[in-house]
Amino acid sequence: MANRARTRLDHLTLAGLDPQDHIATNFRVYELSRCEVAARLGIDNALPDDQLLRAAVQLVREVMQPIRDAHGRFSPISLYRCQALERVLKKSPPDWISLSPHTGGWACDLRIPGLTTLALAQWASTHLPVFDEVCCECVDPDLGPSSGWVHIALRPAALGPNRAQLRSQIRDRRNGRWVIVEELQDQIA
């Protein structure tokens, strides 16, 4: 187990890392691709290359570590997701290709106990210096203010500028359908 928290991104390689190595003050390599669904279904969700590793480590250092510093211990629900895992999660055919930032290693989904989904998203949108998107996802007002999770994406520099987009996906109590709203909120007005 080594501390690689200060290692430059361009010096990180999969071949040079142990799953227990720190890649940020409070996060280890194995957390980049750990997923309970993948483990349960026997899907190999390992990072396939150094480019994805670097995108995921950048996300951890610039998004997840500042959130951890402010709010305490948590583990991501999901960070990197391989195509096979995406197909299972999205109930898609075997030849479908996901364009989700999770498949590029540059998005995470998270919850923090004791903090509502909306409060976490608002904190991220006002305290993170840069992000591509912050979304309240799968918020169901009938299940309470901590339902769903927060999705945060941070584009690697090679993919262009980050958009600072804010969105929410909320279940509409009137008809039970999921609605996308272009702002952070936890219920349909």
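Since we're looking at a predicted model, the values are computed, not measured.

Focus on the overall build of the protein chain
Assigned secondary structure in the protein chain consists of four helices and seven strands. Taken against the 2.2 N^0.38 rule, which gives 16 Å for 189 residues, the C-alpha radius of gyration of the protein chain at 17 Å falls within 12% of a compact globule. The principal-axis extents of the C-alpha atoms in the protein chain amount to approximately 55 × 40 × 30 Å. Across the 189 residues in the protein chain, those meeting the buried criterion constitute 46%. Across the protein chain, every contact between residues at least 6 apart in sequence was considered, and the portion connecting residues at least 24 apart equals 59%. Carbon and sulfur atoms form 52% of the exposed surface of the protein chain, whose accessible area is close to 9900 Å². Averaging the positions of the 22 positive and the 22 negative side-chain charges in the protein chain gives two centres separated by 2 Å.

Comments concerning the side chain of Arg167
As for its position among the elements, Arg167 is in strand β6 (residues 165–171). Within the local environment of Arg167, its side chain forms a polar contact with the side chain of Glu133, the two groups lying 3.3 Å apart. When sequence neighbours within four positions are dropped, the list of residues in contact with Arg167 reads Glu133, Val134, Cys135, Cys136, Ile180, Val181, Glu182, Glu183 and Leu184.

Structural notes on the pattern of salt bridges
Think of it this way: side chains of opposite charge can pair up when their charged atoms draw near. Applying the stated criterion across every chain yields a total of 12 salt bridges. The closest approach of N and O atoms between Glu133 and Arg163, which form a salt bridge, is 3.6 Å. Note that Glu133 is positioned in strand β4 (residues 133–139) and Arg163 in the loop between β5 (149–153) and β6, a separation of 30 residues in sequence.

Focus on the nonpolar core
Judged by nonpolar contacts, the single largest core of 42 residues is most densely connected at Leu32, Leu79 and Ile152. Contributing elements (two or more residues each) for this core: β1 (22–24), α2 (50–71), β3 (107–110), α4 (117–127), β4 and β5. No other element matches α2, which puts nine residues into this core. Excluding residues within four positions of it along the chain, Leu79 makes contact with Glu31, Leu32, Ala56, Leu59, Val60, Met64, His102, Gly105, Ala107 and Cys108.

Section: the sheet that holds β3
The strand order β3-β5-β4-β6-β7 describes an open sheet built from five strands, whose pairing is mixed. With one partner strand each, in any of the chains shown, β3 and β7 (178–181) form the two edges of the open sheet. The mean inter-strand angle of the sheet, taken between neighbouring strand axes irrespective of direction, is 15 degrees. In this fold α2 packs onto β3 and β5, with an angle of close to 20 degrees to the strand it touches most, β3. Here α4 sits on the sheet in contact with β3, β4, β5 and β6, set at roughly 175 degrees to β4.

Calculation criteria
Residues numbered from 1 in each chain as written. Predicted model: local features only at pLDDT ≥ 70, side-chain atom pairs only at ≥ 80, totals over all residues. Heavy atoms only, no water. Helix = DSSP H or I, 4+ residues; strand = E, 2+ residues; numbered from the N terminus. Rg over C-alpha atoms; globule rule 2.2 N^0.38 Å. Buried < 20%, exposed > 50% of the residue type's maximum accessible area, 1.4 Å probe, protein only. Contact = heavy atoms within 4.5 Å. Areas by Shrake-Rupley, 256 points an atom, 1.4 Å probe, with all protein chains shown as cover. Lys, Arg positive; Asp, Glu negative; His and termini not counted. Charge placed at Lys NZ, Arg CZ, Asp CG, Glu CD. Polar contact = N/O pair within 3.5 Å; in protein donor to acceptor, adjacent residues only side chain to side chain. Salt bridge = Lys/Arg side-chain N within 4 Å of Asp/Glu carboxyl O. Core = buried A, V, L, I, M, F, W, Y, C linked by side-chain atoms within 4.5 Å. Pairing = 2+ DSSP bridges. Axes fitted to C-alpha atoms, helices over the stretch in contact; angles between N-to-C directions.

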